[in-house]
2 protein chains.
Amino acid sequence: MLNPFDDAHWMRQAFQQALAARDAGEVPVGAVVVVGQRLLGKGHNLTERLHDVTAHAEMQAITAAAHDLGGKYLTEATLYVTLEPCVMCAGALYWTQIGRVVWGAHDPKRGFSRVGPLLHPKTRFEGGLMAQESADLLQAFFRSKRGR
Amino acid sequence: MLNPFDDAHWMRQAFQQALAARDAGEVPVGAVVVVGQRLLGKGHNLTERLHDVTAHAEMQAITAAAHDLGGKYLTEATLYVTLEPCVMCAGALYWTQIGRVVWGAHDPKRGFSRVGPLLHPKTRFEGGLMAQESADLLQAFFRSKRGR
């Protein structure tokens, strides 16, 4: 039987968040946090609107998810995010003890994996799902910014 | 001439925030962000009240400071925090490009410096100011928690 709530489904939801970020003039990165078939939290970059460098998509999504659960830990949850998390977000994910992280585009310059194993030892992770679409969206955004 | 707004003065302000955290049942870590003689932001750990692992003292203080400034970057500012920042907070401080970070107690287990140079290359940093008082406050807090 087909699973309508597979990784591709949830990454598309994260990508929708990235599109919403772009439309708001924010760096187009989006994220969702899921347990089983339930969406616990979603978010996109809000660093411009909030004047807050900590307002990354992942931070919004995990804060929303923890609020929904009424607890700090996300051990049963999966985060889907369109770009490899940065060091700050990986550090935050460490504290949540999240079960799994799936990202889209790799970020060789700012991604956490260049630094080392920053996630919790129990967190499974993989990258590359919808990587091209996510990378293209970012590139188009920064190209349009430079063109101004 | 004596400078009444020296490092010791501001670290005492951060320590006051740590005491407020303890009195609220939160892990006693406090922080302030300062430019020149002006306090831009302050905060203490709120992870319990907010059910949010990202609600560290530093995150509260830099978010408040950026809000006060109306801008994302804290290149002229100094953060005083009673405990060495974790990986998440160091990653956040990187994004702020903060001018200087001064911490109290070292954190060999969760502090960022065990991982590597996570702060911005332009950020100066040092630890050990009011280290004993800050460490004692944390130890007393965790001892009282275990004693319940």
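Scroll up to find the structure this text is about.
Basis of the calculations
Residues numbered from 1 in each chain as written. Chains lettered and ligands numbered in written order. Predicted model: local features only at pLDDT ≥ 70, side-chain atom pairs only at ≥ 80, totals over all residues. Heavy atoms only, no water. Helix = DSSP H or I, 4+ residues; strand = E, 2+ residues; numbered from the N terminus. Rg over C-alpha atoms; globule rule 2.2 N^0.38 Å. Buried < 20%, exposed > 50% of the residue type's maximum accessible area, 1.4 Å probe, protein only. Contact = heavy atoms within 4.5 Å. Salt bridge = Lys/Arg side-chain N within 4 Å of Asp/Glu carboxyl O. Axes fitted to C-alpha atoms, helices over the stretch in contact; angles between N-to-C directions. Parallel < 35°, antiparallel > 145°, perpendicular 65-115°, else oblique. Nonpolar A, V, L, I, M, F, W, Y, C, P; charged D, E, K, R; others polar. Left-handed = near helix turned anticlockwise from the far one by under 90°. Pairing = 2+ DSSP bridges.

A. Representation of the overall build of chain A. Summing up its helical and strand segments, chain A has 5 helices and 5 strands in all. Listing each helix as α and each strand as β along chain A from the N terminus yields α-β-β-α-α-β-α-β-β-α. For chain A, whose C-alpha radius of gyration is 14 Å, the value lies close to the compact-globule estimate of 15 Å for 148 residues. Along the first, second and third principal axes, the C-alpha set of chain A runs to 45 × 35 × 30 Å. When the 148 residues of chain A are sorted by exposure, 53% land in the buried category. Counted over contacts in chain A with a minimum sequence separation of 6, partners at least 24 positions apart contribute 56%.

B. Molecular detail of the pattern of salt bridges. Residue and element names in this part refer to chain A. With the rule as written, the count across this model stands at 10 salt bridges over all chains. Its salt-bridge partner being Arg-100, residue Asp-7 comes within 2.7 Å of it at the nearest N-O pair. Linking Asp-7 in helix H1 (residues 7-23) with Arg-100 in strand S4 (residues 100-105), this pair joins segments that are 93 residues apart in sequence. Judged by its relative accessible area of 13%, Arg-100 falls in the buried class. Here Asp-23 and Arg-22 are joined by a salt bridge, their closest N and O atoms 3.1 Å apart.

C. Fine view of the packing of H1(A) against helix H5 (residues 131-146) of chain A. Residue and element names in this part refer to chain A. Where H1 contacts H5, the two axes come as close as 11 Å, and the packing angle between them is 5°. Classed by the angle they form, the pair H1 and H5 counts as roughly parallel. Residues Phe-15, Ala-18, Leu-19 and Arg-22 of H1 form the contact with H5, whose own contacting residues are Glu-133, Ser-134, Leu-137 and Phe-141. Tallied by class, residues from the contact of H1 with H5 come to 5 nonpolar, 1 polar and 2 charged.

D. Expanded view of the packing of helix H3 (residues 57-69) of chain A against helix H4 (residues 87-96) of chain A. Residues and elements named next belong to chain A. One way to put it is that H3 packs onto H4 with a least axis distance of 9 Å and a crossing angle of 20°. In terms of axis orientation, H3 runs roughly parallel to H4. The crossing of H3 and H4 is left-handed. Along its contact with H3, which presents Glu-58, Met-59 and Ile-62, the element H4 presents Met-88, Cys-89, Ala-92, Leu-93 and Thr-96. Within the contact of H3 with H4, the residues separate by chemical class into 6 nonpolar, 1 polar and 1 charged.

E. Structural detail: the sheet that holds strand S5 (residues 124-127) of chain B. Residues and elements named next belong to chain B. Spatial ordering of the open sheet is given by S2-S1-S3-S4-S5, a layout of 5 strands whose pairing is mixed. The sheet is open, and its two borders are formed by strand S2 (38-44) and S5, each paired with just one other strand. Pairs of neighbouring strands in the sheet enclose a mean axial angle of 15°, with direction left out of account. In terms of strand pairing, strand S1 (residues 30-35) meets strand S3 (residues 78-83) through 4 bridges, oriented antiparallel. Each bridged residue has a counterpart across the sheet, and for Val-32 the counterpart in S3 is Tyr-80.

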